[in-house]
Each structure stands twice: as structure tokens, then as C-alpha cells.
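Below, each chain spelled out in residue letters.
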Amino acid sequence: MATGRTHRPATRSRGIPEATVARLPLYLRALTALSERSVPTVSSEELAAAAGVNSAKLRKDFSYLGSYGTRGVGYDVEYLVYQISRELGLTQDWPVVIVGIGNLGAALANYGGFASRGFRVAALIDADPAMAGKPVAGMPVQHTDELEKIISDNGVSIGVIATPAGAAQQVCDRLVAAGVTSILNFAPTVLTVPDGVDVRKVDLSIELQILAFHEQRKAGEESSADSADDAEGAAPPAAAKPHRKGPDGDVPAVMPA
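What comes next concerns the included structure. Note that the structure is predicted; figures quoted are calculated from it, not measured.

**Notes on the overall build of the protein chain**
Line of reasoning, step 1. Along its length, the protein chain carries 9 helices and 11 strands.
Line of reasoning, step 2. Counting only residues that meet the buried cut, the protein chain has 35% of its 257 residues in that class.
Line of reasoning, step 3. Sequence separation of at least 24 residues holds for 56% of the intrachain contacts in the protein chain that already meet a minimum separation of 6.
Line of reasoning, step 4. Split by element, the accessible area of the protein chain, about 15,500 Å² in all, is 56% carbon and sulfur.

**Notes on the packing of helix H1 (residues 18-36) against helix H2 (residues 44-51)**
Line of reasoning, step 1. Where H1 contacts H2, the two axes come as close as 9 Å, and the packing angle between them is 110°. Relative to H2, H1 is oriented roughly perpendicular. Crossing handedness for the pair H1 and H2: right-handed. Along its contact with H1, which presents Leu26, Tyr27, Ala30, Leu31 and Leu34, the element H2 presents Leu47, Ala50 and Ala51.
Line of reasoning, step 2. Of the residues belonging to the contact of H1 with H2, the class tally is 8 nonpolar, no polar and no charged.

**Some points on the packing of aromatic side chains**
Line of reasoning, step 1. Under the defined criterion, the tally for this structure stands at 4 aromatic pairs.
Line of reasoning, step 2. Ring geometry for Tyr79 against Tyr82: centres 6.4 Å apart, planes inclined by 40°, an arrangement best described as tilted. In this pair, Tyr79 and Tyr82 both sit in helix H4 (residues 77-87), 3 residues apart, roughly one turn of the helix.
Line of reasoning, step 3. Judged by its relative accessible area of 43%, Tyr79 is partly exposed.
Line of reasoning, step 4. Taking the relative accessible area as the measure of exposure, Tyr82 reaches 43% and is therefore partly exposed.

**Quick look at the sheet that holds strand E3 (residues 94-99)**
Line of reasoning, step 1. As summarised here, the arrangement of the 7 strands in space is E5-E6-E4-E3-E7-E8-E9, forming an open sheet in which the pairing is mixed. At either margin of the open sheet sits one strand with a lone partner, and together these are strand E5 (135-136) and strand E9 (198-201).
Line of reasoning, step 2. In this structure, strand E4 (residues 119-126) lies alongside strand E6 (residues 139-143), joined through 3 bridges in parallel fashion. If you follow Asp126 over to E6, its bridge partner there is His143.
Line of reasoning, step 3. Its contacts with the sheet put helix H7 (residues 147-154) on E3, E4 and E6, and the angle it makes with E4 is roughly 165°.
Line of reasoning, step 4. Contacts from helix H8 (residues 165-177) reach E3, strand E7 (158-161) and strand E8 (182-185), with the element oriented near 170° to E7.

**Quick word on the nonpolar core**
Line of reasoning, step 1. Judged by nonpolar contacts, the single largest core of 23 residues is most densely connected at Tyr27, Leu31, Val42, Leu47, Leu58, Phe62 and Ile84.
Line of reasoning, step 2. Going through the elements one at a time, H1, H2, helix H3 (55-64) and H4 are the ones with two or more residues in this core.
Line of reasoning, step 3. Per-element accounting of this core gives the leading share, 7 residues, to H1.
Line of reasoning, step 4. With near-sequence residues (within four places) excluded, Phe62 lies in contact with Tyr27, Leu47, Ser67, Tyr75, Leu80 and Ile84.
Line of reasoning, step 5. Counting 20 residues, the second largest nonpolar core, distinct from the first, contains Val97, Ile125, Ile161 and Val197.

**So, the packing of H1 against H3**
Line of reasoning, step 1. Packing of H1 against H3 brings their axes to within 11 Å, and their N-to-C directions diverge by 105°. Considering the angle they form, H1 stands roughly perpendicular to H3. Within the contact between the two elements, H1 uses Thr20, Arg23 and Tyr27 and H3 uses Lys57, Leu58, Asp61, Phe62 and Tyr64.
Line of reasoning, step 2. For the contact of H1 with H3, the per-class residue count stands at 4 nonpolar, 1 polar and 3 charged.

**Regarding the pattern of salt bridges**
Line of reasoning, step 1. The final tally for this structure, using the stated rule, is 8 salt bridges.
Line of reasoning, step 2. Between Glu45 and Arg59 there is a salt bridge, and its shortest N-O distance comes to 3.6 Å. Highlighted residues: Glu45 in helix H2 and Arg59 in helix H3, separated in sequence by 14 residues.
Line of reasoning, step 3. We classify Glu45 as partly exposed; its relative accessible area is 46%.
Line of reasoning, step 4. One salt bridge connects Asp153 with Lys149, and the closest N-O pair in it is separated by 2.7 Å. Residue Asp153 and its partner Lys149 are located together in helix H7, separated by 4 residues, close to a single helical turn. Lys149 carries the same exposure label as Asp153, and that label is exposed.

The rules we used
Residues numbered from 1 in each chain as written. Predicted model: local features only at pLDDT ≥ 70, side-chain atom pairs only at ≥ 80, totals over all residues. Heavy atoms only, no water. Helix = DSSP H or I, 4+ residues; strand = E, 2+ residues; numbered from the N terminus. Buried < 20%, exposed > 50% of the residue type's maximum accessible area, 1.4 Å probe, protein only. Contact = heavy atoms within 4.5 Å. Areas by Shrake-Rupley, 256 points an atom, 1.4 Å probe, with all protein chains shown as cover. Axes fitted to C-alpha atoms, helices over the stretch in contact; angles between N-to-C directions. Parallel < 35°, antiparallel > 145°, perpendicular 65-115°, else oblique. Left-handed = near helix turned anticlockwise from the far one by under 90°. Nonpolar A, V, L, I, M, F, W, Y, C, P; charged D, E, K, R; others polar. Phe/Tyr/Trp six-rings, centres within 6.5 Å; stacked < 30°, edge-to-face > 60°. Pairing = 2+ DSSP bridges. Core = buried A, V, L, I, M, F, W, Y, C linked by side-chain atoms within 4.5 Å. Salt bridge = Lys/Arg side-chain N within 4 Å of Asp/Glu carboxyl O.

Encoded structure:
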């Protein structure tokens, strides 16, 4: 069976833009759902709506794959599933190690979607000696002292970091030194890596802060709309009070407390 160490996806050599690569998993998820319902073909408009993009962007993305669909018929669902899976490198086995088996790391270890998407959790690793040998998701946790040997023995090229922020860079350095070239970082910190190593960061607190921003903006818009409705029936404002001159220009006659 092929491993992540010896086989790399074809996307970069084919010149597929990074923005397109980022959307391919969205298309694959939508297509997989259609495949599970035994839907044979799908139009660009239907697939774009399911993936949350516009149809023109979808057709442009698929043109990089050499897939243009058939007018009046659409795209063959099963073929697109295969085509996108191949481009993403999911038609082969990608052994993954998860470092940091706290609550988040344990949740990731128990996630059932890895295997169905071409990823095999090869090892669970933690620095706490008390965790060594403890089963999580049916696998015994191994100590970080074994990290380099585990990576070498399993041909691992993808590492997942779910440690506290203070330990993340040291773990990252050891992963890279052992041959890992792609890292998924869940630790709330920015990692420094050499050229040739890819890092994807997942920061739940940042995502929540972005949602809080949008919630605040929506609340502000609703408040403004309510104020405008109240003002429609209000009496005209009283004449403005005269201003007096201050050392820096006009100053309201009544200053706020």
C-alpha cells in the first residue's frame, strides 16, 4: 500500500491555484452526499449551491481538472468523486500522528471521518507518562520519547498538533526534523517552519471571535433600524443651542459630564 512519504498529490505540478485546492474538499463533500443517494449526474448550478460557491467559479475550478461536464446532462457524480479524490491524494493511504491527547486530541482520535477520506491514524502521542499505554479510540497512547521512531516506522508525513500553545513549537520542530512535511495545528499559536513544510492552522477561538463580530454588527443594524422607526413619528428637534468659542474652536454650550 502506498504511503504519504513516497507519493505526493499532483495538484501543484498541474498548476492548480491554491484557492481552487481549498474548494475541492467542499465539492467532494457535496458529491459524496449525492453519491450516497445514488444520484448519477449533477448540474453545475446544483453542485455549486450544495458546496456554497457560485456556478461560474465551480466551472472554472473544474476546468483545472480537465472536467467540463456535458451540456444538458451535467457532471458524472462518481467520476468527479474519483477525479477530485485523486487530485487531493485521497486514493492512497496517508498515515497521520496526533500529538497531544487531551480533550481535543482525544476527540480528533475518535473522529470517524479520517479513514473514509484516505487518512489512517498511525499513532497517538502524548508527553504525560501517565497517558502512556492508555487506550484512546481503541489505540494505546505512546510517549513523546518514541515520536521519531513512530514517524520513521510508519512513514508518516502528516502530523496533527493538539498540544497546549507552549509545547507546540517544540513538537513541531521534532516532527519536521523526523521527516514530517505537513502539519495541522490546533494549538493557539503560530508555528515557524522551514521552506517545504506546509502548515494549516485551526483556531476555534478566532472563528468564534469572527462570529461575535458579525453578531455585534447585526445587532447594531437592528438597533439603527429601530431608532429610525422611532424617529419617524417624533417631533422635530429643538433649535440647536448657541455655541461659544473655546481655545480649540467651537465648543457646545453644555458640555457632557
